[in-house]
Amino acid sequence: MSFNEEQIQKIVDQYKKQRAREKVYYQEKKKNDDDFIKKNRERAKNHYENNKEKKKEKYEQNKEFRRVKALYYYYKKNDKLDKFRNMEDKVAILNAGGFTF
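Because the structure is predicted, anything quoted here is derived from the model rather than measured.

Novice: An account of the environment of tyrosine 59 is needed here, citing residue identities and associated values.
Specialist: With respect to the element layout, tyrosine 59 can be found in helix H3 (residues 52–77). In this structure the C-alpha to C-alpha distance between tyrosine 59 and glutamate 6, which are 53 residues apart in sequence, comes to 47 Å.

This is how it looks when you write it as structure tokens:
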């Protein structure tokens, strides 16, 4: 099934209008509803409790990458990037993490 340009534009406009209506509904009605607030806090608490170990594992996996990335920004702020680029092990960690500079 293919759509012409006019149909695509109509679908996009409908989506934008729907998102705008949902935003207004949330801001005016749902956001201040005590029942919604209670349910949302409970959902967030359950999510936190159920995924606490996953977050910890992800932090442990990325700890070295984040440390090296912070070191890169330190050297960049102090205009010493040439010294940082001489540290091949640190550059390799950044490149393995998908960070390009």
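After that view of the structure, there is still more to cover.
Novice: Just give me the short version of a nonpolar patch on the surface, but keep the residues and values in it.
Specialist: On the surface, Met1, Phe3, Ile8, Ile11 and Val12 cluster together to form a nonpolar patch covering roughly 530 Å² of accessible area. Along the chain, valine 12 falls in helix H1 (residues 5–30). Overall, the relative accessible area of 35% leaves valine 12 in the partly exposed class.

Novice: Talk me through the packing of aromatic side chains; I want residue IDs and the actual numbers.
Specialist: Two descriptors summarise a pair of aromatic rings, namely the distance from one centre to the other and the angle between the planes of the rings. All chains considered together, the criterion is met by seven aromatic pairs. Residues tyrosine 72 and phenylalanine 99 carry aromatic rings whose centres are separated by 5.2 Å and whose planes lie at 70° to one another, so their mutual orientation is edge-to-face. Here tyrosine 72 is found in helix H3, whereas its partner phenylalanine 99 is found in the segment after helix H5 (88–96), with 27 residues between them in sequence. The two residues tyrosine 72 and phenylalanine 99 agree in class, both being buried. Here the aromatic cluster, defined as three or more aromatic residues joined through ring pairs, consists of Tyr72, Tyr73, Tyr74, Tyr75, Phe84 and Phe99.

Here is what the cut-offs are and how they apply
Residues numbered from 1 in each chain as written. Predicted model: local features only at pLDDT ≥ 70, side-chain atom pairs only at ≥ 80, totals over all residues. Heavy atoms only, no water. Helix = DSSP H or I, 4+ residues; strand = E, 2+ residues; numbered from the N terminus. Patch = residues over 30% accessible without salt bridge, like charges linked within 9 Å, V, L, I, M, F, W, Y side chains within 5 Å. Areas by Shrake-Rupley, 256 points an atom, 1.4 Å probe, with all protein chains shown as cover. Salt bridge = Lys/Arg side-chain N within 4 Å of Asp/Glu carboxyl O. Buried < 20%, exposed > 50% of the residue type's maximum accessible area, 1.4 Å probe, protein only. Phe/Tyr/Trp six-rings, centres within 6.5 Å; stacked < 30°, edge-to-face > 60°.

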